[in-house]
Protein chains: 2
Amino acid sequence: MISVIGYYTTQFGELWDKSLSDLIKEVILGVLRNTGLDKKQIDAIFFANMLAGVLENNLHTPSKIAEILGVNVPIFRVEAACASGGVAFSLANNYLEAYSDKTILVIGAEKMTDYSPEETTSALASAASGEEQEAGLTFPGLYALMANYYLQKYKYTEENLAHVSYKNHYHGSLNDKAHFRKIISVEQVMQSPYVAYPLKVLDCCSTSDGASAVVLTNLHSLKNKTKKTVEVLASEVATDSISLKERNRIDEILATKIAGDKAFVKSKIRRKDIKVAEVHDCFSIAELLAMEDLGFWKKGEGGKRIKELQTMYGSNGDLMVNTSGGLKASGHPVGATGIKQIGEIFLQLTGQAKNRQVKKAKFGLAHNVGGSGGTAVVTILGA
Amino acid sequence: MISVIGYYTTQFGELWDKSLSDLIKEVILGVLRNTGLDKKQIDAIFFANMLAGVLENNLHTPSKIAEILGVNVPIFRVEAACASGGVAFSLANNYLEAYSDKTILVIGAEKMTDYSPEETTSALASAASGEEQEAGLTFPGLYALMANYYLQKYKYTEENLAHVSYKNHYHGSLNDKAHFRKIISVEQVMQSPYVAYPLKVLDCCSTSDGASAVVLTNLHSLKNKTKKTVEVLASEVATDSISLKERNRIDEILATKIAGDKAFVKSKIRRKDIKVAEVHDCFSIAELLAMEDLGFWKKGEGGKRIKELQTMYGSNGDLMVNTSGGLKASGHPVGATGIKQIGEIFLQLTGQAKNRQVKKAKFGLAHNVGGSGGTAVVTILGA
């Protein structure tokens, strides 16, 4: 069995006084301290980062991490746009499936706020197809196309979408590492300016700085020493055409469906066993699609279900979604997000989620998406 | 057992009429044709590319490959500067250690010649430390520091280095996929202009376009169907501080030593069993360091041994090195190089190397380096 035995995350936000190296150093020291491990006990490192090459001409980060930590172990950098963190975790899990008695650091980090909005937006657009980039379609535009279609097809209004942001900002207010800790109302979302119709500023996640890390091990002695651990029951990756025009339908993310179905089959867990989930809400519409494509809600039900707010902490629902605040309120330092999602589930399943602790949660799910759905990763964890 | 069952490479060179997507498409179709496989038989893809993000704002390539091929399987992009190809292969090998009956495509591709030399040089410098970049140290400069130290310490001259290029250009003349097929003399190397003293133009590899792919499988039925296969005996990765100033010595690449030692231990092969090797000769000095750090030659012997030309095809030596032409003459499309090295060993061990076929080669080695030695991968294959 493969276990997550520790988690650390930096503050997410506009961290103008910290470089990418500073964030990596903080998160490594933090997760080693939280687990009581020495760096000599780390057998390999998987590192997720999307934008450092484009934004600060910083590639070959494995050797830079080797320098920070003073080690010579294998270090692997993985990039899959906003799914980089989830994919790094999934590959680290594969690594432990291959080799016994190993302990691995999985780190995600991103610096996004030291650049102009134009620079960051252009760099993020690198995850879209060349044709979409040439047409001027950035990600708010791509998700707006999906949102328009969804709202029309299933007869919802922008107010249905607004409830996602309302819920996730409430959750963010409970998470002291979140970028935004301010509660907002549905009305405030509705009154915020349009970014790409029907998506408004408060339907969109932010760009953020931050780093998150987990320790993953299959070393029995280490698991027994650490009291608070969760098992990795599945971590599955699927891909799909990046271009929206190449897809059969745009009211679903096929990669999410495939990765989710594989993860549920592999873990032998039923949907209703999952009590806490972090799903990829880069835009409000994305959370509805995710909940449907993961099989928690039927296709087209999302607009109705979100208004019932049964996935909001404190409700009497069976499944709490994005208790970290999601990408919307927790912030979205791209490479870190997939690791933070898994970290949030780890906190919940080990009873360390404090003022947002979901009771009696034995199983949790993390769902991470790249671009407009060209990559999806679904990880299921069990206490 | 994990086997390489097929290889395809595009021409390496200045391919101004081909995009990165064109190269990926060609190499996928080529390797599927060479192995008689259908795309439905591919369970996962590992993809190596370094520069597309920086040079053409093209990230999230897994979903672009999914679109080209029309598949939904897991696709992983790996980046470790010039070691990207070797690292992708090593991770693919780990994947097959974890899961049985799987067949994997490992692809490396790079477009480098559509940009100005300044753009490409700056992008490549992203693999160096921030401090080295700020000091204006590009890779010729970094390897020149190593070369100067090596030549002084072991009392050699630039002529010793020149023999590496002489040998590798002769090999390139035998490889119809090589970027440079022109035989050059030691005198021509010596008379070529300096790039960074003591390294001259003809001590340095080129920037090139190209893509290479291998198929890796642990599916017994498939291995039995394919006649020409080689086994992967080891594929090991090590890292080291990227900054030269953080290293104990600069007349060795420690990451190469560590990865090499691990690979020899794991494969249970002796150095003298290796009859053909592709080593990372981004600069002439790099081949000498590699041969020493891999344990084929003693430290400091390289300058003398290369002048004896015992690693040149047609000599009576026991080990032929860089029969593909190496990075020097074959060209160095960064992401593709590590895969091409493994492909060359595959051709040699399966008797498909034509006019440069090394006789009675049962074991071969491929050695791929990132940056100035921050990452190294050593793969040992057996017929």
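Source: prediction; values computed, not measured.

J.: Help me understand the overall build of chain A in this model?
T.: Along the backbone of chain A there are 15 helices and 12 strands. Its C-alpha radius of gyration of 19 Å places chain A within 12% of the 21 Å reference for a compact globule of 383 residues. Its C-alpha atoms give chain A principal-axis dimensions of about 55 × 45 × 40 Å. Looking at chain A alone, contacts between residues at least 24 apart form 78% of all its contacts between residues at least 6 apart. As presented, chain A carries roughly 13,000 Å² of accessible surface, and 51% of it is formed by carbon and sulfur atoms.

J.: How should the side chain of Lys340 of chain A be read in this particular structure?
T.: As for its placement among the helices and strands, Lys340 of chain A is situated in helix α15 (residues 334-349). Residues within four places of Lys340 of chain A in sequence aside, it is in contact with Tyr7, Phe12, Ser212, Glu278, Ser324, Gly326, Leu327 and Ser330 of chain A.

J.: Would you take a moment to explain the relation of the copies chain B and chain A for this structure?
T.: Turning one copy of the chain about an axis and sliding it along that axis gives the other copy, so a rotation and a shift relate them. Overlay of chain B on chain A (RMSD 0.0 Å): rotation 180 degrees, translation along the axis 0.0 Å. Taken together, the rotation angle and the small translation identify this as a two-fold axis. No C-alpha of chain B approaches the rotation axis more nearly than that of Ala98 of chain B, which lies at 1.9 Å. In this assembly, 100% of the residues forming the interface of chain B have copies in chain A that are likewise at the interface, indicating an isologous arrangement.

J.: For this particular structure, what's the right way to read helix α3 (residues 61-69) of chain A?
T.: Three- or four-residue spacings in an α-helix give side chains the same orientation, since the helix completes a turn every 3.6 residues. Most of α3 of chain A is tucked away: 7 of the 9 residues are buried. Among the residues making up α3 of chain A, those that are buried are Thr61, Pro62, Ser63, Lys64, Ile65, Ala66 and Leu69 of chain A. Packing partners of the buried residues in α3 of chain A comprise α1 (20-35), β2 (44-48), β3 (75-78) and β4 (103-110) of chain A together with β8 (230-239) and β12 (375-382) of chain B.

J.: What should I look at first to understand the interface of chain B and chain A in this one?
T.: Put simply, an interface is often sized by how much accessible area is lost when its parts join up. Tallying the contact residues gives 56 residues for chain B and 56 residues for chain A. Buried area between chain B and chain A, both sides added, is near 4,100 Å², and the carbon and sulfur share of it is 52%. For the chain B face of the interface with chain A, the top three residues by lost area are Asn57, His60 and Asn72 of chain B, together amounting to 17%. The interface formed by chain B and chain A holds 2 salt bridges in total. With a shortest N-O distance of 2.7 Å, Arg77 of chain A and Glu79 of chain B are connected by a salt bridge. Remark: the boundary between chain B and chain A carries 32 residue pairs in polar contact (both at pLDDT 80 or more).

J.: Before we go on, may I ask you to explain the packing of helix α7 (residues 139-154) of chain B against helix α12 (residues 284-293) of chain B in this structure?
T.: How two helices pack is summed up by the angle between their axes together with the distance between the axes. Residue and element names in this part refer to chain B. The geometry of α7 relative to α12 is characterised by a closest axis approach of 9 Å and an angle of 65 degrees between their N-to-C directions. It follows from the interaxial angle that α7 and α12 lie roughly perpendicular. Seen along the crossing, α7 lies across α12 with a hand that is left-handed. Contact residues: α7 offers Tyr143, Met146, Ala147 and Tyr150, while α12 offers Ile285, Ala286, Leu288, Leu289 and Glu292. For the contact of α7 with α12, a count of residues per class yields 8 nonpolar, no polar and 1 charged.

J.: How should I be thinking about the domain arrangement of chain A in this particular structure?
T.: All names here are of chain A. What the domain assignment reports for chain A is domain 1 (3-116 + 208-225) and domain 2 (136-205 + 231-382). Averaged C-alpha coordinates put domain 1 and domain 2 at centres separated by 23 Å. Listed by partner, the interface residues are 41 residues for domain 1 and 34 residues for domain 2. In total, domain 1 and domain 2 occlude about 2,700 Å² of area from one another, counting both sides; carbon and sulfur atoms represent 66% of this. Ranking the residues of domain 1 by area buried against domain 2 places Tyr7, Phe12 and Cys82 at the top, with a combined share of 25%. Counting across the interface, domain 1 meets domain 2 through 1 salt bridge. Residue Glu97 is joined to Lys266 by a salt bridge in which the shortest nitrogen-to-oxygen separation is 3.7 Å. Where domain 1 touches domain 2, the interface holds 13 residue pairs in polar contact (both at pLDDT 80 or more). With 8 residues, helix α4 (residues 84-98) is the largest single contributor of residues to the side of domain 1 that touches domain 2. Residue composition of the side of domain 1 that touches domain 2, by class: 20 nonpolar, 16 polar and 5 charged.

J.: What is the right way to look at the packing of helix α8 (residues 158-173) of chain A against helix α12 (residues 284-293) of chain A in this model?
T.: All names here are of chain A. Where α8 meets α12, the closest approach of the two axes is 8 Å, and the angle between their N-to-C directions is 95 degrees. Here α8 lies roughly perpendicular to α12, going by the angle between them. The residues of α12 that touch α8, namely those facing Leu161, Val164, Ser165, Lys167 and Asn168, are Ser284, Ile285, Glu287 and Leu288. Considered class by class, the residues forming the contact of α8 with α12 number 4 nonpolar, 3 polar and 2 charged.

J.: Help me understand the environment of Thr157 of chain A, please; the structure alone is not making it clear to me.
T.: Counting through the fold element by element, Thr157 of chain A comes out in the loop between α7 (139-154) and α8. Linking Thr157 of chain A and Gly303 of chain A, residues 146 residues apart in sequence, is a C-alpha distance of 8.3 Å.

The rules behind each value
- Residues numbered from 1 in each chain as written.
- Chains lettered and ligands numbered in written order.
- Predicted model: local features only at pLDDT ≥ 70, side-chain atom pairs only at ≥ 80, totals over all residues.
- Heavy atoms only, no water.
- Helix = DSSP H or I, 4+ residues; strand = E, 2+ residues; numbered from the N terminus.
- Rg over C-alpha atoms; globule rule 2.2 N^0.38 Å.
- Contact = heavy atoms within 4.5 Å.
- Areas by Shrake-Rupley, 256 points an atom, 1.4 Å probe, with all protein chains shown as cover.
- Least-squares fit on C-alpha atoms with pLDDT ≥ 70 in both.
- Buried < 20%, exposed > 50% of the residue type's maximum accessible area, 1.4 Å probe, protein only.
- Buried area = accessible area lost by both parts, 1.4 Å probe.
- Salt bridge = Lys/Arg side-chain N within 4 Å of Asp/Glu carboxyl O.
- Polar contact = N/O pair within 3.5 Å; in protein donor to acceptor, adjacent residues only side chain to side chain.
- Axes fitted to C-alpha atoms, helices over the stretch in contact; angles between N-to-C directions.
- Parallel < 35°, antiparallel > 145°, perpendicular 65-115°, else oblique.
- Left-handed = near helix turned anticlockwise from the far one by under 90°.
- Nonpolar A, V, L, I, M, F, W, Y, C, P; charged D, E, K, R; others polar.
- Domains from an automatic or database assignment.

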